[in-house]
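# Summary of the model geometry
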Amino acid sequence: MVQMLMRPPLAELESKAIWLALLMLAIGLHVFEAALPSLGPWFKPGLANLITLLALVWMGPRSALLLTVFRVIVGSFFIGTMFTPTFVISLAGGTVSALVMIASWRALPGISLVGVSLLGALAHMTAQFITVESLFIHQPALYYALPPLLLLSCITGWINGALAGYIAARLRHDSFK
Amino acid sequence: MDRGLLLLALLTIGLTWIVIQQSIAAGPPVAEIYHGDTMLASYRLPESGQPPIYFEAEGDLGLSEIIMDADGVRMAASPCSSQRCVLSGTHHHAGDLIACVPNKILIIIRGSRDDRYDAVVE
């Protein structure tokens, strides 16, 4: 018996194409950030997180979380850190950050992308330190270095949130022209 | 809402940082070297003119070579693949740390050179 292959609805295909395009962009930024000189242990500007924010606004929490997980897995494959401590730290930071951003976007009334990004950046850095302390170094003195890196996270989180807000507004505006 | 969040975050982080600095900046500068939760060694950082101190820390992957001199403390060699700990350079401020996660070696600085004198009188 020959089963007819049904073509998926156009809207579904378009949604998948946008998600894949965002994933490719996020992986590109993940690899680019890995090549940047380090400002501190496990500190990155969080540019790839900007794409998670856009996915959250356009496609919802599930897509944003999946995009973060796939971005870390595929990105680690490209930069050669798959299954190393760097991969574990990155996955923990990215996942916790995405979950905090989703929760704040849904639960905090009046919050904008800037606030969501700020909370995500702080959660990312804190989760990385907790992962390193609990899985690898086992030394609470590690947390002495956390406050200055959290201050840097505030700055990068704010900038990324403003950028995401600008991009989201601009694309929405252009799509209605 | 966003500005309130930023202000709250900055205040909390700033206060925590001040409290941590107060607790670890007292006394002369000392480098503590850990493997996991075990302290391997603790050295007072040499003053200008004093000879450097070399220490080899046995980690999960092998030996990490640590040098302490008048400029501070640095990881001279490490068996890890990323070499981020080596590339992070020399550190000398209270609270600075060098972490080699793959080799599970942590170096943290307590104390400050500014604390060498009880009082300065002109």
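Since this is a predicted model, take the numbers as computed values, not measurements. (Residues numbered from 1 in each chain as written. Chains lettered and ligands numbered in written order. Predicted model: local features only at pLDDT ≥ 70, side-chain atom pairs only at ≥ 80, totals over all residues. Heavy atoms only, no water.)

What follows is about the overall build of chain A. In terms of helices and strands, chain A carries six helices and zero strands. What you see in chain A, going N to C, is helices and strands ordered as α-α-α-α-α-α. For a compact globule of 177 residues, the expected C-alpha radius of gyration is about 16 Å, and chain A comes in at 18 Å, within 12% of that figure. Referenced to the eigenvectors of the C-alpha coordinate spread, the extents of chain A come out at roughly 65 × 45 × 30 Å. Expressed as a percentage of the 177 residues in chain A, the buried residues total 43%. Of the contacts formed within chain A by residues at least 6 apart in sequence, a portion of 68% connects residues at least 24 apart. In the structure as shown, chain A presents an accessible area of about 9200 Å², 73% of it carried by carbon and sulfur atoms. (Helix = DSSP H or I, 4+ residues; strand = E, 2+ residues; numbered from the N terminus. Rg over C-alpha atoms; globule rule 2.2 N^0.38 Å. Buried < 20%, exposed > 50% of the residue type's maximum accessible area, 1.4 Å probe, protein only. Contact = heavy atoms within 4.5 Å. Areas by Shrake-Rupley, 256 points an atom, 1.4 Å probe, with all protein chains shown as cover.)

Moving on, we come to the packing of helix 3 (residues 61–79) of chain A against helix 4 (residues 85–107) of chain A. Residues and elements named next belong to chain A. One can describe the packing of helix 3 onto helix 4 by two numbers: an axis separation of 10 Å at closest approach and a directional angle of 165°. In terms of orientation, helix 3 and helix 4 fall into the roughly antiparallel class. Handedness of the crossing formed by helix 3 with helix 4: right-handed. Here helix 3 contributes Pro61, Leu65, Thr68, Val69, Val72, Ile73 and Ser76 to the contact with helix 4, which in turn contributes Phe87, Ser90, Leu91, Gly94, Thr95, Ala98, Leu99, Ile102 and Arg106. (Axes fitted to C-alpha atoms, helices over the stretch in contact; angles between N-to-C directions. Parallel < 35°, antiparallel > 145°, perpendicular 65-115°, else oblique. Left-handed = near helix turned anticlockwise from the far one by under 90°.)

So, on to the environment of Tyr43 of chain B. All names here are of chain B. Within the secondary structure layout, Tyr43 lies in strand 2 (residues 38–44). Considered as a pair, Tyr43 and Ala31 are 12 residues apart in the sequence and their alpha carbons are 5.3 Å apart. For Tyr43, the contacting residues outside a window of four places in its chain are Pro29, Val30, Ala31, Ile33, Ile53, Phe55 and Met68.

To continue, consider the interface of chain A and chain B. At the junction of the two partners, chain A supplies 32 residues and chain B supplies 27 residues. Taking both partners together, chain A and chain B bury about 2500 Å²; carbon and sulfur atoms supply 79% of that area. Across the contact surface, chain A and chain B share three residue pairs in polar contact (both at pLDDT 80 or more). Within the residue set of the side of chain A that touches chain B, elements represented by two or more residues are helix 4, helix 5 (113–137) and helix 6 (146–175) of chain A. For the side of chain A that touches chain B, the element with the highest residue contribution is helix 5 of chain A, accounting for nine residues. Residue composition of the side of chain A that touches chain B, by class: 26 nonpolar, six polar and no charged. (Buried area = accessible area lost by both parts, 1.4 Å probe. Polar contact = N/O pair within 3.5 Å; in protein donor to acceptor, adjacent residues only side chain to side chain. Nonpolar A, V, L, I, M, F, W, Y, C, P; charged D, E, K, R; others polar.)

Residue and element names in this part refer to chain A. Across its 26 residues, helix 1 (residues 10–35) extends 38 Å between first and last C-alpha, which sits within 8% of the 38 Å expected from 1.5 Å per residue. Listed as buried for helix 1 are Trp19, Leu22, Leu23, Ala26, Ile27, His30 and Glu33. As for helix 1, its buried residues are in contact with helix 2 (47–59), helix 3 and helix 4. (Expected span 1.5 Å × (residues − 1).)

A word on the packing of helix 1 of chain A against helix 3 of chain A. Residue and element names in this part refer to chain A. It is the contact of helix 1 with helix 3, at a shortest axis distance of 9 Å, that shows an interaxial angle of 45°. When the axis of helix 1 is compared with that of helix 3, the two are oblique. Considering the relative orientation of helix 1 and helix 3, their crossing is right-handed. Across the interface between the two elements, Trp19, Leu22, Leu23, Ala26, Ile27, His30, Val31 and Ala34 of helix 1 pack against Ser63, Leu66, Leu67, Phe70, Arg71, Val72, Val74, Gly75, Ser76, Phe78 and Ile79 of helix 3.

A few words on the sheet that holds strand 5 (residues 72–77) of chain B. Residues and elements named next belong to chain B. Taken together, the three strands give an open sheet; going across it, the order is 3-4-5, and neighbouring strands pair in antiparallel fashion. A strand with exactly one partner marks an edge of an open sheet, and here the two such strands are strand 3 (53–58) and strand 5. If you compare each strand with its neighbour and ignore which way they point, the axes differ by 30° on average. (Pairing = 2+ DSSP bridges.)

Our next topic: a nonpolar patch on the surface. Residue and element names in this part refer to chain A. A surface patch of nonpolar side chains, amounting to about 260 Å² of accessible area, comprises Ile18, Trp58 and Leu171. Within the secondary structure, Leu171 is located in helix 6. For Leu171, a relative accessible area of 41% gives the class partly exposed. (Patch = residues over 30% accessible without salt bridge, like charges linked within 9 Å, V, L, I, M, F, W, Y side chains within 5 Å. Salt bridge = Lys/Arg side-chain N within 4 Å of Asp/Glu carboxyl O.)

In short, shape yes, function no, at least from these values alone.
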